[in-house]
Amino acid sequence: MTTPQTGPQAVINGGATGTRTVQNYIGGRWVDSDAKQFGDVMNPATGELIARVPLGTATDVDRAVQAAAKAFPAWRQTPPVNRVKPFFKLKDLLERHFEDIARTVTREHGKTLDESRSSVRRAIDNVDLAIGIPTRMMGTSLEDIASGIDCQTVRQPIGVFAAITPFNFPAMVPMWFLPHAVATGNTFIVKPSERVPLSQSHIFEMLHDAGFPEGVVNLVNGSKDAVDGILEHPGIAGVSFVGSTPIARYIYERGAKYGKRVQALGGAKNFVVVMPDADIPRAASVSTESCFGCAGERCLANSVVLTVGDAYEKIRDRLVDEAKRIVVGEGTEPNVTMGPLITRQHLEKVLGYIDKGVQEGAKLLLDGRGYKNSKHPDGYFLGPCIFDGVTPEMTIGREEIFGPVLCIMRAKDFDDAVAIVRRHELGNATSIFTSSGRWAREYRYRVEPSMLGVNIGVAAPLSFFPFGGSKHSFFGDLKAHGADSIEFYTDKKVVISRWW
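The following paragraphs examine the structure supplied in this document. These figures come from a predicted structure and were not determined experimentally. (Residues numbered from 1 in each chain as written. Predicted model: local features only at pLDDT ≥ 70, side-chain atom pairs only at ≥ 80, totals over all residues. Heavy atoms only, no water.)

What follows concerns the sheet that holds strand β7 (residues 140–146). Spatially, β7-β8-β24 is the arrangement adopted by the 3 strands of the open sheet, whose pairing is antiparallel. Here the strands that pair on one side only, and so sit at the sheet edges, are β7 and β24 (490–498). Here the strands of the sheet are splayed against their neighbours by 25° on average, with no regard to which way each runs. As paired strands, strand β8 (residues 149–157) and β24 are joined by 9 bridges and run antiparallel to one another. (Pairing = 2+ DSSP bridges. Helix = DSSP H or I, 4+ residues; strand = E, 2+ residues; numbered from the N terminus. Axes fitted to C-alpha atoms, helices over the stretch in contact; angles between N-to-C directions.)

Taken together, 7 strands build an open sheet; the order of strands is β16-β17-β18-β15-β14-β20-β21 and the sheet is mixed. Sheet topology places β16 (363–366) and β21 (451–454) at the edges, where each strand pairs with a single neighbour. Adjacent strand axes in the sheet meet at a mean angle of 25°, parallel and antiparallel pairs treated alike. One ladder, built from 4 bridges, connects strand β14 (residues 270–274) with strand β20 (residues 429–433); its direction is parallel. The residue bridging Val-272 from the neighbouring strand is Ser-431, located in β20.

For β7, the tally of buried residues reaches only 0 of 7 residues, placing the bulk of the element at the surface. Here β7 pairs with β8 via 4 bridges, running antiparallel. When the sheet's bridge partners are listed, Ser-141 is paired in β8 with Gln-152. Taking the residues between adjacent antiparallel strands as the criterion, β7 and β8 are bridged by 2 residues, where Gly-148 takes a positive phi near 75°. (Buried < 20%, exposed > 50% of the residue type's maximum accessible area, 1.4 Å probe, protein only.)

Here we take up the packing of aromatic side chains. Tallying each qualifying case throughout the model produces 16 aromatic pairs. Linked through ring pairs, Phe-161, Phe-188, Phe-488 and Tyr-489 together constitute an aromatic cluster. If you follow Lys-479 out to its NZ or CZ, it ends over the ring of Phe-474, 5.2 Å from the centre. (Phe/Tyr/Trp six-rings, centres within 6.5 Å; stacked < 30°, edge-to-face > 60°. Lys NZ or Arg CZ within 6 Å of the ring centre and 35° of its normal.)

Before going further, it helps to spend a moment on helix α4 (residues 98–109). For α4, which comprises 12 residues, the first-to-last C-alpha distance of 16 Å matches the rise-based estimate of 16 Å (1.5 Å per residue) to within 8%. When we look at burial in α4, the residues that qualify are Phe-98, Ile-101, Ala-102, Thr-104, Val-105, Thr-106, Glu-108 and His-109. Of the surrounding elements, those touching the buried residues of α4 are β5 (38–43), β6 (48–54), α3 (85–96), α5 (113–131) and α8 (198–210). (Expected span 1.5 Å × (residues − 1). Contact = heavy atoms within 4.5 Å.)

We now examine the side chain of Asp-484. Tracing the backbone shows Asp-484 in helix α17 (residues 482–489). Although buried, Asp-484 forms no salt bridge, and the nearest oppositely charged side chain, Lys-479, lies 6.0 Å from it. Here Asp-484 is in contact with Pro-466, Asp-477, Leu-478 and Lys-479, once residues within four sequence places are set aside. (Lys, Arg positive; Asp, Glu negative; His and termini not counted. Salt bridge = Lys/Arg side-chain N within 4 Å of Asp/Glu carboxyl O.)

Along helix α9 (residues 224–232), the residues classified as buried are Ala-226, Val-227, Asp-228, Gly-229, Ile-230 and Leu-231. Those residues of α9 that are buried lie in contact with α1 (58–77), β9 (160–164), β10 (187–191), β12 (238–242) and α10 (245–257).

With that out of the way, let us pick up the pattern of salt bridges. Counting across every chain of the model gives 28 salt bridges. With a shortest N-O distance of 3.2 Å, Asp-92 and Arg-96 are connected by a salt bridge. Here Arg-96 and Asp-92 lie together in helix α3, a separation of 4 residues that amounts to about one turn. With a shortest N-O distance of 2.8 Å, Lys-492 and Glu-487 are connected by a salt bridge. Here Lys-492 falls in the partly exposed class, since its relative accessible area comes to 43%. The class of Glu-487 is partly exposed, set by a relative accessible area of 26%. Within this structure, Glu-99, Arg-103, Asp-114 and Arg-117 form a network of salt bridges that share partners.

Note on placement: Arg-438 falls in helix α16 (residues 437–446). The exposure class of Arg-438 is exposed, given its relative accessible area of 58%.

This part covers the state of the cysteines. On inspection of all chains with the given rule, the structure shows 0 disulfides. Counting only cysteine sulfurs, Cys-291 is the nearest neighbor of Cys-407, a cysteine outside any disulfide, at a range of 8.1 Å. (Disulfide = S-S within 2.5 Å.)

Take the pairing of β12 next. Counting buried residues along β12, 5 of its 5 residues qualify, which places the element largely inside the surrounding structure. Where burial is concerned, the two faces of β12 agree: the one with Gly-238, Ser-240 and Val-242 and the one with Val-239 and Phe-241 are both buried. In this structure, β9 lies alongside β12, joined through 4 bridges in parallel fashion. Considered in β12, the bridge of Ala-163 is made with Ser-240. For β12 and strand β13 (residues 261–265), the ladder comprises 5 bridges, and the chain directions are parallel. Looking at β13, one finds that Ser-240 is bridged to Gln-263. In terms of handedness, the path from β12 via α10 over to β13 forms a crossover that is right-handed. (Right-handed = clockwise from strand over helix to strand, strands pointing away.)

Turning our attention to the packing of helix α15 (residues 414–423) against α16. Running from amino to carboxyl end, α15 crosses α16 at an angle of 25°, the nearest separation of the two axes being 11 Å. Looking at the two axes, α15 sits roughly parallel to α16. Between α15 and α16 lies a crossing of right-handed hand. On α16, the residues touching Phe-414, Asp-415, Val-418, Val-421 and Arg-422 of α15 are Trp-439, Glu-442, Tyr-443 and Arg-446. Its residues assigned to classes, the contact of α15 with α16 comprises 5 nonpolar, no polar and 4 charged. (Parallel < 35°, antiparallel > 145°, perpendicular 65-115°, else oblique. Left-handed = near helix turned anticlockwise from the far one by under 90°. Nonpolar A, V, L, I, M, F, W, Y, C, P; charged D, E, K, R; others polar.)

A surface patch of nonpolar side chains, about 400 Å² in accessible area, is lined by Leu-142, Ile-145, Val-494 and Ile-496. Those elements that provide at least two residues to the nonpolar patch are β7 and β24. Relative to the elements of secondary structure, Val-494 occurs in strand β24. With a relative accessible area of 52%, Val-494 lands in the exposed category. (Patch = residues over 30% accessible without salt bridge, like charges linked within 9 Å, V, L, I, M, F, W, Y side chains within 5 Å. Areas by Shrake-Rupley, 256 points an atom, 1.4 Å probe, with all protein chains shown as cover.)

Moving on to the packing of α4 against α5. At a minimum axis separation of 8 Å, α4 and α5 run at an interaxial angle of 120°. The angle between the axes of α4 and α5 places the two elements in the oblique class. The two elements α4 and α5 meet at a crossing, and its hand is right-handed. Here α4 contributes Phe-98, Glu-99, Ile-101, Ala-102, Arg-103, Val-105 and Thr-106 to the contact with α5, which in turn contributes Leu-113, Ser-116, Arg-117, Val-120, Arg-121 and Ile-124. Here the residues of the contact of α4 with α5 are counted per class, giving 7 nonpolar, 2 polar and 4 charged.

So this is what it looks like as structure tokens:
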């Protein structure tokens, strides 16, 4: 393990072939991984190789844990008002480099520049929230719980935590966890997706410059071996994860087996219910934006428009018309409103779902498979697709596609729509469009997804609210950010005292 220079370019160490290789950040230094295998980081819009990422192992994880564990005692003893001071500088650095980070996200993920900017803004929002930790972390007290006896609770940090984060929001999702864990007095390790390591490398340059003590924040690159190293390491107290449901279940079960706190956010099949009394033009516009934003690669994508009664006739053609206005292309180009999918393999997977939908009898109203980008013929592009006649039993009606594919389902009445949503094993988010307060209240009361919208698309809660689903969309007890983050990253100690 070497200790190369620090600074703006330290994260991409040029190799003999000239291909840039991403480094780890451990103990306050940029270091090479001991990995023997490397992955390619591609620009999905152009098919260009832009970096190589080490597929690190448990050895890399152990080094990060050793550094984090060494830093924990002093960081835990640092007063909360002093622990948050580096976050003021971090926020300033993130604002100053805002556009650079957003362009990095677009380059390695493919989403449009506006989408990248929005995600970076959400990341900064979580830094803002962490700055207020001294008041949010306060305990409670009550005197004379019995004669001469007082009781109080205090919140204390626990130790080393880690986050295993997905490819679809490389700048934002790690910031759902790191600021809250560190501000409450823990030390932290981020394992970003090996498909998109550059955004976090860029942000860790700023974490370094913000002045966090050595070992408080650490970055380890890798894939499954690194994930298992995190789950099994006895020095890690808890793990946060965002990804698909099968992997979320694996993270939860394996992490719990090794005695860790776990919050594992899984997949989604988000229903948008459209009632006959809805503002149909608005419902159509918002639904298509919600489905096709980020090329459908987000856990809050609108997967299904579930029409009730004659809302179907009112909205079907409008959905197609709205989707036809979407401009597909490279994310930094003017007027582009949807970028490519993340990899060629994922593109093939989504195409497989489309073929399956056709085979099972759904009608493809809008077929984006023929889209070609003359400027970027090697990009992983797919145009918007809309299926009609989808039933809950179809593969495309059951499974998370994670691509620009919208399904239209029909429900005969409100109760039927509620039953369809309730029967689905996933419960991440949902929304209803209606002019009736009664229907909106009934829907909120009866359906199970933990995040719900009324007359808006499937929207992400702001950082001061909890984020996470229900049923098989979430494994654990405490959600991401919001007040739940304080609960997850601290232990409540109850002190009962009598003094003579």
